[in-house]
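Observations on the three-dimensional arrangement
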Amino acid sequence: LMSARAVSLPTQLAPARAVARGKRATRARASTAVRAEKMEVEQKCKFTAVPFGYFAREQLDHKGPRTNVDRGDPHDFSRPMVKGMQGGRASCGSWACSEGGWDSPNPRGTTEWFYVFSGAGAVTDPDGTPHPFGPGDVVVLPKGWLGRWDVHEFIHKVWLVCEHEDVGGASRRPVVMHASRLVPDAPSSGRIGNVCYDVGCVKVGGWSAAPGTYVIPERSSTEVFHVVDGEFFVTDGPPDGASARRCVRGDTVVLPEGWNGRVDVVGKSAARAVCCEVSRDEARAHGGVAPGAARPTAEALAASRPPPPPPPAGGFAPSVRAKTVMYDPDQYDPDANSGRTAGGFVPPARSSGGGGGGRPTRVTRGDDGVIYDPDQYDPENAGRSR
């Protein structure tokens, strides 16, 4: 009898349980419908701009658990912003992922740029070199990179990916640089910029523009930038120059190829942003110019420097404080900020100053406008504090 009751009681309760499950499912669907209500931003301009709320966590679509996971239970969340840029070669949007880790054994078919909103993680090269990143970091994963991903704290980022041909001789090591190091200090007038990665068709950097009006001629590239400070208005140029949008900290903006217009920086503070440009330029390694290029060793650079001038008659040379640069050929090229810009901004000349150091291999340079931060670029000192 006990056995019969054990079978019959659940059978008798089955209809009631089914009704309860149905009610719970209905409530869950209603709750999901509320959470999934999307923020839509009407785009009346020829460019695209969205506030940070557009990429807020509750606005992202849950894509489910990742595969090939060996640590944790990471789930993907995403929302696209603009697809099919540069003739279908580039797209941008936002991505988030919960804690976990997985191998990425296949070489990347695209170059990816991203800016970390929040969280912490790392990508690791096949040789075991880690590249940790956190809030405010700009990261570049070059085409051909492979290795491992680890998300240590729920990560949230805005990204751009671009398909392009192979770049012969270019480094495949990731680049990680904090926005505070990449974006120049506010200029007293005009606009300036820095570059941390450049392979011709993909250029990554940061810019700063003092209050004022800047006319942008027709663009030959597409630029995606995330505003880290300031307030400005972007206005379409002729023939349709009537549409404008106010942009502030946290906004993400796409200026497409062929766009022209005006940027008006208002208030007393400079506008500052991290950015990525993609163009139809040939993918190429820039030799001694770009961090994405095949570069000579520090010793070779030092050997190529002209010898110092002989001391004057009297026996003593005047004391000159030379600029020193720590150089890692796989991570950073000190010539990257010389004559190359992101967003069309020209880097300013800087006064001479001393560079920090912690490695024995050093290169002494003249007053070429480069200041190197070893805590930011040295792979052996990746565990920097902020």
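It should be emphasised that the depicted structure is a prediction, and the values quoted were computed from it without experimental measurement. Numbering of residues starts from 1 in every chain and runs along the sequence as written. For this predicted model, a pLDDT threshold of at least 70 governs which residues receive local features, and a threshold of 80 or more governs which side-chain atom pairs are given and counted, while totals over whole chains, interfaces and linings are taken from all residues. Where side-chain values are given, they derive from all heavy atoms of the structure, hydrogens and water being excluded.

Let's talk about the overall build of the protein chain
Secondary structure assignment for the protein chain yields five helices and 22 strands. For each residue, the accessible area found with a 1.4 Å probe, counting protein chains only, is set against the maximum for its type, and the residue is called buried under 20%, exposed over 50%, and partly exposed in between. Taking all 386 residues of the protein chain together, the buried fraction comes to 48%. Note on definitions: a residue-residue contact is assigned when non-hydrogen atoms from the two residues lie within 4.5 Å. Counting contacts in the protein chain only where the partners sit at least 6 residues apart, residues at least 24 apart contribute 74% of the total. Every helix listed is a DSSP run of H or I at least four residues long, and every strand listed is a run of E at least two residues long, numbered separately from the N terminus.

Focus on the sheet that holds strand β19 (residues 261-265)
In a beta sheet, neighbouring strands are held together by backbone hydrogen bonds and run either parallel or antiparallel to one another. By this definition, two strands are paired if DSSP reports at least two bridges between them. Pairing within the open sheet is antiparallel, and its four strands lie in the order β14-β19-β16-β17. Pairing within the sheet leaves two strands with one partner each, and these edge strands are β14 (212-216) and β17 (244-248). Shown here is a sheet whose adjacent strand axes are inclined to one another by a mean of 20°, direction ignored. Helix axes use the C-alpha atoms of the stretch in contact, all axes being lines fitted to C-alpha atoms, and the angles between their N-to-C directions lie in the range 0 to 180 degrees.

So, the pattern of salt bridges
Opposite charge on two side chains permits them to pair, given that their charged atoms come into close proximity. One speaks of a salt bridge when a side-chain nitrogen belonging to Lys or Arg is within 4 Å of a carboxyl oxygen belonging to Asp or Glu. Tallying each qualifying case throughout the model produces 16 salt bridges. Here Arg-173 ties to Asp-125 by a salt bridge, and the two come within 2.7 Å at their closest N and O atoms. Taken together, the residues Arg-173 in the loop between β10 (147-162) and β11 (175-178) and Asp-125 in the loop between β7 (111-124) and β8 (130-133) connect sequence positions 48 residues apart. Accessibility expressed as a relative area gives 7% for Asp-125, which makes it buried. Notably, a salt bridge pairs Arg-173 with Asp-127, separated by 2.9 Å at the nearest N-O pair. Residue Arg-173 is located in the loop between β10 and β11, and its partner Asp-127 is located in the loop between β7 and β8; the two are separated by 46 residues in the primary sequence. One salt-bridge network, held together by shared partners, links Asp-70, Arg-71, Asp-103, Arg-148 and Asp-150.

Observations concerning the sheet that holds strand β18 (residues 252-255)
Taken in spatial order, the six strands of this open sheet run β1-β18-β15-β20-β13-β12, and their pairing is antiparallel. One side of each edge strand has no neighbouring strand; the edge strands of this open sheet are β1 (48-50) and β12 (191-198). Ignoring which end each strand starts from, the neighbouring axes of this sheet average 20° apart. Examined bridge by bridge, strand β15 (residues 221-229) and strand β20 (residues 271-279) share eight bridges and lie antiparallel to one another. Across the sheet, Val-227 pairs through a bridge with Ala-273, a residue of β20.

Quick notes on the side chain of Asp-264
Take Asp-264: it is sitting in strand β19. N or O atoms closer than or at 3.5 Å make up a polar contact, with two conditions inside protein: a donor-capable atom paired with an acceptor-capable one, and, for residues adjacent in sequence, both atoms drawn from side chains. Looking at Asp-264, its side chain comes within polar contact range of the side chain of Thr-213, at 2.6 Å. There is a polar contact of 2.7 Å between the side chain of Asp-264 and the side chain of Arg-262.

Considerations on the packing of aromatic side chains
The aromatic pairing rule takes the rings of Phe, Tyr and Trp, using the six-membered ring of Trp, and pairs them if the centres are within 6.5 Å, calling planes under 30 degrees apart stacked, those over 60 edge-to-face and the rest tilted. Enumeration according to the criterion identifies 13 aromatic pairs in this entry. Geometrically, the ring pair formed by Phe-52 and Phe-117 is edge-to-face, given 4.9 Å between the ring centres and 85° between the ring planes. Of this pair, Phe-52 sits in the loop between β1 and β2 (61-65) while Phe-117 is found in strand β7, placing the two residues 65 residues apart along the sequence. Judged by its relative accessible area of 37%, Phe-52 is partly exposed. Owing to a relative accessible area of 15%, Phe-117 belongs among the buried residues under this scheme. Measuring from centroid to centroid gives 5.3 Å for Tyr-54 and Phe-55, while their planes differ by 70°, and the two rings are edge-to-face. Assessed through its relative accessible area of 10%, Tyr-54 is described here as buried.

Notes on the environment of Ser-94
Along the chain, Ser-94 turns up in strand β5 (residues 90-97). Assessed through its relative accessible area of 0%, Ser-94 is described here as buried. For the pair Ser-94 and Arg-79, spaced 15 residues apart in the sequence, the C-alpha separation amounts to 5.3 Å. Among all residues touching Ser-94, those that are not within four sequence positions of it are Phe-55, Leu-60, Phe-77, Ser-78, Arg-79, Phe-117, His-156, Lys-157, Val-158 and Trp-159.

Observations concerning the environment of Gly-72
Its location among the elements puts Gly-72 in strand β3 (residues 69-72). Residue Gly-72 is classed as exposed on the basis of its relative accessible area of 60%. For the pair Gly-72 and Gly-101, spaced 29 residues apart in sequence, the C-alpha to C-alpha distance is 6.6 Å. Excluding residues within four positions of it along the chain, Gly-72 makes contact with Glu-99 and Gly-100.

So, the confidence of the model for the protein chain
Looking at the protein chain as a whole, the pLDDT averages 74, with 64% of positions reaching at least 70. Contacts for the low-pLDDT stretch residues 287-309, under 50 throughout, to residues beyond four places or in other chains number 52 contacts. Scored from 0 to 100, pLDDT reflects the predictor's confidence in each residue.

Some remarks on unusual backbone geometry
A cis geometry characterises the amide bond from Pro-238 onward to Pro-239, with omega recorded as 5°. Position of Pro-239 among the secondary structure elements: in the loop between β16 (231-236) and β17. Although it is not a glycine, Asn-68 adopts a positive phi angle of roughly 55°. Inspection of the secondary structure puts Asn-68 in the loop between β2 and β3. Of the residues examined, Asn-68 reaches a relative accessible area of 51% and is grouped as exposed. With a phi close to 50°, Gln-86 is a non-glycine residue in the positive phi region.

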